[in-house]
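Single-letter residue listing:
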Amino acid sequence: MPIILTPLQDKFLRAFFSATKDFYLTGGTEIKDLLDLYFLDKAGYTIPENFEAAKQKDGGLSAETLAYTLNQFQVREVPPFMLKPLTVDNLSFYLEATISWLIQQSTPPAFK
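Everything quoted here is computed from the prediction, not taken from an experiment.

A. Layout of the nonpolar core. Ranked by internal contacts, the top residues of the largest apolar core, which has 22 residues, are L34, I47, F51, L70, L91, L95 and L102. Listed by contribution, the elements that provide at least two residues to this core are helix 2 (31–42), helix 3 (47–57), helix 4 (63–70) and helix 5 (88–106). By residue number, the principal contributor to this core is helix 5, which donates six residues. Excluding residues that lie within four positions of it along the chain, L102 makes contacts with I47, F51, A63, L66, A67 and L70.

Here it is in structure tokens:
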């Protein structure tokens, strides 16, 4: 049965997979990949709100894998090429909150 998405889910998934296609192929540890996810989130396309639809669209997507990949980032500075304002604290908070959410999703109910 085909997956029926709302226009917002479709827009998020197109942006998410466009931003993350290299993320999975390269291990996703380039800062631009994290920045893509951060600004998608700020634009209202959050991982928590769209993760289930993303998993249906890409059967290989898992909370565990994404959490592990995101955990490889070490945010020490904001890249000089940024056009929009961003602080290390804001990016670090987003990263930690997203990893925590993904870990929670991958934790069996008996352990929550």
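B. Quick look at the environment of A53. Within the secondary structure, A53 sits in helix 3. Considering only alpha carbons, one finds A53 and D10, 43 residues apart in sequence, at a separation of 8.9 Å.

C. Layout of the pattern of salt bridges. Under the defined criterion, the tally for this structure stands at three salt bridges. Across the salt bridge formed by E52 and K55, the nearest N and O atoms sit 3.4 Å from each other. Of the two residues, E52 and K55 are both situated in helix 3; the distance of three residues between them amounts to about one turn of the helix.

D. Highlighting the packing of aromatic side chains. According to the stated counting rule, one finds three aromatic pairs in the structure shown. With a centroid separation of 5.5 Å and an interplanar angle of 85 degrees, the aromatic rings of Y38 and Y94 are classed as edge-to-face. With Y38 in helix 2 and Y94 in helix 5, this residue pair connects regions lying 56 residues apart in the sequence. For the pair Y38 and Y94, a shared accessibility class is recorded, and that class is buried. Relative to W101, the ring of F51 lies with its centre 5.7 Å away and its plane at 80 degrees, an arrangement referred to as edge-to-face. Taken together, the residues span a long stretch of sequence, with F51 in helix 3 and W101 in helix 5 at a distance of 50 residues. Pair check on accessibility: F51 and W101 agree, each one buried.

Criteria and cut-off values
Residues numbered from 1 in each chain as written. Predicted model: local features only at pLDDT ≥ 70, side-chain atom pairs only at ≥ 80, totals over all residues. Heavy atoms only, no water. Core = buried A, V, L, I, M, F, W, Y, C linked by side-chain atoms within 4.5 Å. Buried < 20%, exposed > 50% of the residue type's maximum accessible area, 1.4 Å probe, protein only. Helix = DSSP H or I, 4+ residues; strand = E, 2+ residues; numbered from the N terminus. Contact = heavy atoms within 4.5 Å. Salt bridge = Lys/Arg side-chain N within 4 Å of Asp/Glu carboxyl O. Phe/Tyr/Trp six-rings, centres within 6.5 Å; stacked < 30°, edge-to-face > 60°.

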